[in-house]
Amino acid sequence: MFWGNIEKVIVAPMENLPFDWKAHSGRSRIFAEIGFGNGEFMEYLARSNPDVLVVGIEVSQWCSAKAARRVMEAGLDNVRIMHGDARFLLRSTFAPESVEHVFMNFPCPWPKQRHAQRRVTVPAFTGLIEYLVEPGGAFDLATDVEWYAEEAAAAFRANSAFITDDIVINPKRPYITKYERKWKAMGKDTWQLTVHKAAVKQSDDVTKMLYREENWNMECDAVTAKSVAETVDLLKDKEGTGVGGVGHWIFRDAFVSDSGVALMLVVTSDEGFEQHFYLKFVKNPRGITVKVDSVGHPYRTPAMRAAILAALDAAK
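Every value quoted in this text rests on a predicted model; they were computed, and no experiment measured them.

Thresholds applied
Residues numbered from 1 in each chain as written. Predicted model: local features only at pLDDT ≥ 70, side-chain atom pairs only at ≥ 80, totals over all residues. Heavy atoms only, no water. Salt bridge = Lys/Arg side-chain N within 4 Å of Asp/Glu carboxyl O. Helix = DSSP H or I, 4+ residues; strand = E, 2+ residues; numbered from the N terminus. Buried < 20%, exposed > 50% of the residue type's maximum accessible area, 1.4 Å probe, protein only. Phe/Tyr/Trp six-rings, centres within 6.5 Å; stacked < 30°, edge-to-face > 60°. Lys NZ or Arg CZ within 6 Å of the ring centre and 35° of its normal. Core = buried A, V, L, I, M, F, W, Y, C linked by side-chain atoms within 4.5 Å. Contact = heavy atoms within 4.5 Å. Patch = residues over 30% accessible without salt bridge, like charges linked within 9 Å, V, L, I, M, F, W, Y side chains within 5 Å. Areas by Shrake-Rupley, 256 points an atom, 1.4 Å probe, with all protein chains shown as cover. Lys, Arg positive; Asp, Glu negative; His and termini not counted. Charge placed at Lys NZ, Arg CZ, Asp CG, Glu CD. Polar contact = N/O pair within 3.5 Å; in protein donor to acceptor, adjacent residues only side chain to side chain. Pairing = 2+ DSSP bridges. Axes fitted to C-alpha atoms, helices over the stretch in contact; angles between N-to-C directions. Expected span 1.5 Å × (residues − 1).

*Asks:* Which parts of the structure should I look at to understand the pattern of salt bridges?
*Replies:* Inspection of every chain in the model, using the stated rule, returns 11 salt bridges. Ionic pairing is found between Lys 197 and Glu 97, a salt bridge with its closest N-O pair at 3.0 Å. With Lys 197 in strand β8 (residues 191-197) and Glu 97 in the loop between α4 (86-93) and β4 (99-105), the pair connects residues that are 100 residues apart, well separated along the chain. A relative accessible area of 5% places Lys 197 in the buried class. Owing to a relative accessible area of 7%, Glu 97 belongs among the buried residues under this scheme. Salt-bridge contacts for Glu 180 lead to Arg 173; the nearest nitrogen and oxygen are separated by 2.9 Å. Side by side, Glu 180 and Arg 173 carry an identical accessibility label, which is buried. Residues joined in a network through salt bridges with shared partners are Arg 29, Asp 51 and Glu 100.

*Asks:* I keep staring at the packing of aromatic side chains and nothing clicks. Help me out?
*Replies:* Within the structure shown, the criterion is met by 15 aromatic pairs. Taking 5.5 Å as the distance between ring centres and 65° as the angle between the ring planes, the aromatic pair formed by Phe 125 and Phe 139 counts as edge-to-face. Separated by 14 residues along the polypeptide, Phe 125 in helix α5 (residues 123-132) and Phe 139 in strand β5 (residues 133-143) bring together distant segments of the chain. There is no split in this pair, since Phe 125 and Phe 139 are both buried. An aromatic cluster is defined as three or more aromatic residues linked by ring pairs; in this entry it consists of Phe 31, Phe 41, Tyr 44, Phe 103 and Tyr 175. For Arg 91, the ring lying beneath its charged end belongs to Tyr 131, and the centroid distance is 5.0 Å. For the cation-ring pair, Lys 188 lies above Trp 183, with the distance from its terminal atom to the ring centre recorded as 4.5 Å.

*Asks:* How should the nonpolar core be read in this particular structure?
*Replies:* Where a protein is soluble and globular, its nonpolar side chains tend to be buried together. By size, the foremost hydrophobic cluster in this structure holds 37 residues, and its most contacted members are Trp 21, Phe 94, Val 102 and Phe 139. Those elements giving two or more residues to this core turn out to be β1 (29-34), β2 (52-58), α4, β4, α5, β5, α6 (146-157) and β8. Residue contributions to this core peak at 5 residues, all from α5. Contact partners of Val 102, with chain neighbours within four places excluded, come to Ala 32, Ile 34, Ile 129, Leu 132, Val 133, Ala 138, Phe 139 and Asp 140.

*Asks:* It is not clear to me how a positive patch on the surface should be interpreted in this structure. Could you clarify?
*Replies:* Taken together, the side chains of Lys 66, Arg 69, Lys 178 and Lys 182 define a basic patch exposed on the protein surface. Put simply, the parts of the chain that give the positive patch at least two residues each are α3 (61-73) and α7 (178-185). Relative to the assigned elements, Lys 66 resides in helix α3. Look at Lys 66 and you get partly exposed, because its relative accessible area is 34%.

*Asks:* I keep staring at the environment of Glu 58 and nothing clicks. Help me out?
*Replies:* Note on placement: Glu 58 falls in strand β2. Owing to a relative accessible area of 8%, Glu 58 belongs among the buried residues under this scheme. Separated by 23 residues in the primary sequence, Glu 58 and Gly 35 place their C-alpha atoms 4.6 Å from one another. If near-sequence neighbours (up to four positions away) are discounted, Glu 58 is found in contact with Gly 35, Phe 36, Gly 37, Cys 63, Ser 64, Met 82, His 83 and Gly 84. Only 3.2 Å separates the side chain of Glu 58 from the backbone nitrogen of Phe 36, close enough to count as a polar contact.

*Asks:* Would you take a moment to explain the environment of Thr 143 for this structure?
*Replies:* Checked against the element boundaries, Thr 143 lands in strand β5. In this structure Thr 143 comes out as buried when scored by relative accessible area, which is 1%. For the pair Thr 143 and Asp 189, spaced 46 residues apart in sequence, the C-alpha to C-alpha distance is 9.1 Å. Residues in contact with Thr 143, not counting those within four places in the same chain, are Phe 106, Tyr 148, Ala 149, Thr 190 and Trp 191. A polar atom in the side chain of Thr 143 sits 3.1 Å from the backbone nitrogen of Val 145.

*Asks:* How should the sheet that holds strand β9 (residues 219-223) be read in this particular structure?
*Replies:* Within a sheet, adjacent strands bond to each other through the backbone by hydrogen bonds, running parallel or antiparallel. In spatial order, the strands read β9-β14-β13-β12-β11-β10; together these 6 strands make up an open sheet with antiparallel pairing. Strands with a single pairing partner mark the edges of an open sheet, and in this sheet they are β9 and β10 (239-241). Within this sheet the neighbouring strands show an average axis-to-axis angle of 25°, counted without direction. Where β10 and strand β11 (residues 248-256) come together, 3 bridges link them in antiparallel fashion. Paired with Glu 239 across the strands is Ile 250, a residue of β11.

*Asks:* What's the story with helix α10 (residues 302-315) in this structure? I'm lost.
*Replies:* Along an α-helix, residues three or four apart share an orientation, since each turn contains 3.6 residues. Its 14 residues give α10 an end-to-end C-alpha distance of 20 Å, which sits within 8% of 20 Å, the value for a rise of 1.5 Å per residue. Extensive coverage of α10 is indicated by the burial of 12 of its 14 residues. Taken together, the buried positions of α10 are occupied by Pro 302, Ala 303, Met 304, Arg 305, Ala 306, Ala 307, Ile 308, Ala 310, Ala 311, Leu 312, Ala 314 and Ala 315.

Below you can see the structure in the form of structure tokens.
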């Protein structure tokens with residue numbers, strides 16, 4: 001699961017989801033931080049809660065590497081980092097209701113209307129937190145934008161799974177990050193919103209609806225008389241929706257070697273989470289083997305799975 005040195009902290013893409021974080025860490029409690037930046041607050045959480053596994057999710061590869069080095073230099077063994085889109089990673093790599101506390105500090109408010117779906121103020125985000133947080137757990141949002149805090153509070157109040165506290169202006173926080181210190185030095189305000197998950201466990205039906213574990217083969221065989229070249233020609237620029245109508249996929253350029261092996265670029269998008277990876281097509285005695293190229297490690301999203309099915313259909 002981990003590679004090299006810094007990768008003792010940075011988690012590689014997983015195959016069997018959801019991942020058993022508690023068994024992996026030997027700790028029964030989990031905190032998560034979304035968008036940890038330089039990792040300063042994440043380090044504070046880990047130092048202050050040695051019995052807790054702190055999992056950070058960050059879309060910036062540079063920030064992920066920087067925070068991992070920070071954690072290693074601090075000698076902390078209770079931090080794990082995932083690089084990618086939290087909207088996908090939190091839903092797919094965590095079991096339902098498995099996180100005690102989620103933190104989000106000073107996220108981009110995405111003020112333009114065309115970016116509105118990226119905000120934590122949308123119903124989809126409250127549904128994600130409902131899925132993730134255990135009964136009695138909490139979500140904390142700190143922001144320097146008042147309207148953002150107000151919209152987030154309204155969104156959570158509309159979700160009956162949560163009890164939403166009043167927004168606190170200039171709260172006394174246990175740890176002040178470099179960004180927040182700089183902001184306060186300029187005489188500007190901050191706002192904090194805390195919401196609590198109702199202490200009632202989700203029903204089995206709700207849990208199954210929110211998460212369905214699927215072991216999806218990354219290598220499949222198609223019995224066919226077609227050649228590899230014929231198959232990839234059929235797929236070029238073909239596109240469609242993901243499994244269950246979620247997400248979108250499209251096939252791009254293909255590269256066929258003299259030995260008849262082809263690599264084809266696939267682009268997928270699942271609720272804004274985009275992946276680029278290659279499918280490899282290899283002739284075998286009974287037909288064609290279609291598999292994800294070892295160079296890429298795509299997450300098994302609905303769009304990614306549908307792309308593999310489309311490749312198999314084309315081969316047949």
